[in-house]
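This is what each chain is made of:
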Amino acid sequence: MQDRIQGYLPSKQRRRIFNCTQINSYLRREVKEFHKRSSAGFVRNSSYKPAEQYLSEPPVISESYHSKMKVRDSICLITCGMNDMGMAICQDLLKNGATHVCVMDYPCSKAEETKFLSQCGKEHTTFLPCDMTKETEIEACFKKMIDTHKCLDIVINTCGTWDEKNWEKCLAVNMGCVIRSCLIAMRFMSKEQLGKGGCIVNVSSMTGLQLLACAPIFSATHCGLIGFGRCLGQSCHVDKTGVAVMTICPGISEKKISEYSEKLLSFVEPKFAVNEMTSYPHQRVEDVSHGILWMIKNCESGCVCVTENEEPLCKIKFLECSEMKEGLNFK
């Protein structure tokens, strides 16, 4: 067969195939020789695997790393947390024994800050004003927090906005802010650097898992966020950094449907959007907060959980690509 192929090729390509054939045969001889030496006792590495296995087997990625974080006595940070969800999470963390909670968000009035902190607990809560789209400001807030409390144990990213019209802003906040916060947090929390490990929980959305046709931009950002959290949470990263990463996907907020319907793409009918969002799974901030606390204490790194319609927290099982394929008959 090789002779027949070479007969149709110019001389340069013939030489290339010949050279490749020589190299392949040389490698086969070397592998056989190595097997002989290893069986004779010259190779003492018990973890040795034949070269053929490295070519045929995919790398093993384990999802068995459990967070098992203790909330008690922990130092926590909530990004974009000056809202109802941030308040619920802050209150739950302190009820479960957290030493201090820092809330990082865009600057607000002194009255809003005072009201928020008084409802959470002034003694154990701090507000750090920050433009979440600027890396230097986020990093400065992380550094200030570490300088004050000497460590950081838990980071909860709640950054998110709904704005289909201004889709670049939607991408910048929903994905950019969260990814930026995660990477900076890893720098300060990683065991490889000055940290002692910890836990990051990203608040995504059900729209990253279940179709919401009226919001393609919003949905796309949360598809990306789920993939980002799953990858960052794998043991190949966690074993080095000691930082577990998890993702929670709540339903949409029923209270904000009218607000959402005003920020749609031009070709999306508001009436259709309202009907679709009304029938879509909803959530309460209290359920999201309780779910986050449960995940921190019990879930493995890389996991994705759903909280919707006031039902118990559910873990999502992802299928391999081969299990999702559907054959097509081409004629």
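Here goes a summary of the coordinates provided. (Residues numbered from 1 in each chain as written. Predicted model: local features only at pLDDT ≥ 70, side-chain atom pairs only at ≥ 80, totals over all residues. Heavy atoms only, no water.)

## What about unusual backbone geometry?
Right, so step 1: Positioned with a positive phi, C80 is a non-glycine residue whose angle comes to about 50°.
Right, so step 2: By secondary structure assignment, the location of C80 is in the loop between strand 1 (75-79) and helix 4 (84-95).
Right, so step 3: A relative accessible area of 8% places C80 in the buried class.
Right, so step 4: In this model, E310 sits at a positive phi of 60°, which is unusual for a non-glycine residue.
Right, so step 5: Along the chain, E310 falls in the loop between strand 7 (304-307) and strand 8 (314-315). (Helix = DSSP H or I, 4+ residues; strand = E, 2+ residues; numbered from the N terminus. Buried < 20%, exposed > 50% of the residue type's maximum accessible area, 1.4 Å probe, protein only.)

## Side note on helix 5 (residues 110-120)
Right, so step 1: Along helix 5, the residues that are buried comprise E113, F116, L117 and C120. Viewed end-on, helix 5 has its buried residues packed into an arc of 95°, placing them on one side of the element. Looking at helix 5, the residues exposed on the side facing more than 90 degrees away from the buried face are A111 and K115.
Right, so step 2: Next to the buried residues of helix 5 lie helix 4, strand 2 (100-105) and strand 3 (125-129).
Right, so step 3: Directly beyond the C-terminal end of helix 5, a positive phi value near 125° is found at G121. (Arc of directions from axis to C-beta. Contact = heavy atoms within 4.5 Å.)

## Notes on the state of the cysteines
Right, so step 1: Enumeration according to the criterion identifies zero disulfides in this entry.
Right, so step 2: C141 forms no disulfide, and the closest cysteine sulfur to it belongs to C130, at a distance of 4.1 Å.
Right, so step 3: C141 sits in the buried class, given a relative accessible area of 8%. (Disulfide = S-S within 2.5 Å.)

## Describing the packing of helix 4 against helix 5
Right, so step 1: Between helix 4 and helix 5, the shortest axis-to-axis distance is 9 Å and the interhelical angle comes to 35°. Note on packing geometry: the crossing formed by helix 4 with helix 5 is right-handed. Along its contact with helix 4, which presents G86, M87, C90, Q91 and L94, the element helix 5 presents F116, Q119 and C120.
Right, so step 2: Broken down by class, the residue content of the contact of helix 4 with helix 5 amounts to five nonpolar, three polar and no charged. (Axes fitted to C-alpha atoms, helices over the stretch in contact; angles between N-to-C directions. Left-handed = near helix turned anticlockwise from the far one by under 90°. Nonpolar A, V, L, I, M, F, W, Y, C, P; charged D, E, K, R; others polar.)

## Some points on the environment of L209
Right, so step 1: Its place among the elements puts L209 in the loop between strand 5 (198-203) and helix 8 (216-232).
Right, so step 2: On the basis of relative accessibility, which here comes to 34%, the residue L209 falls in the partly exposed class.
Right, so step 3: Along the chain, L209 and C223 lie 14 residues apart, while their C-alpha atoms are 6.9 Å from each other.
Right, so step 4: Those residues in contact with L209 that sit more than four places away from it in its chain are I226, C249, V304, V306, I316 and F318.

## Brief notes about the sheet that holds strand 3
Right, so step 1: Read from one edge of the open sheet, eight strands run 3-2-1-4-5-6-7-8, paired in mixed fashion. The outermost strands of the open sheet, each flanked by one partner alone, are strand 3 and strand 8.
Right, so step 2: As paired elements, strand 6 (residues 243-250) and strand 7 share four bridges and run parallel to each other. Its bridge partner being in strand 7, C249 is matched across the sheet by V306. (Pairing = 2+ DSSP bridges.)

## As for the environment of E192
Right, so step 1: Within the secondary structure, E192 sits in the loop between helix 7 (167-189) and strand 5.
Right, so step 2: Separated by 48 residues in the primary sequence, E192 and K240 have C-alpha atoms spaced 6.6 Å apart.

## Examining the packing of helix 6 (residues 135-149) against helix 7
Right, so step 1: Across the interface, helix 6 lies against helix 7 with an axial gap of 10 Å and an inter-helix angle of 35°. Crossing geometry of helix 6 relative to helix 7 is assigned as right-handed. Between helix 6, through E135, I138, E139, F142, K143 and I146, and helix 7, the contact on the second element is made entirely by R180, S181, I184, A185, R187 and F188.
Right, so step 2: Split by residue class, the contact of helix 6 with helix 7 holds six nonpolar, one polar and five charged.

## Things to note about the pairing of strand 1
Right, so step 1: Counting buried positions along strand 1 gives five out of five residues, so the element sits mostly inside the fold.
Right, so step 2: Burial along strand 1 is two-sided: I75, L77 and T79 facing one way and C76 and I78 facing the other are all buried.
Right, so step 3: Pairing of strand 1 with strand 2, which is carried by five bridges, proceeds in the parallel orientation. Considered in strand 2, the bridge of I75 is made with H100.
Right, so step 4: At this point the chain moves from strand 1, through helix 4, to the parallel strand 2, and the crossover so formed is right-handed.
Right, so step 5: Where strand 1 and strand 4 (residues 154-157) come together, four bridges link them in parallel fashion. The partner of I78 across the bridge, within strand 4, is I156. (Right-handed = clockwise from strand over helix to strand, strands pointing away.)

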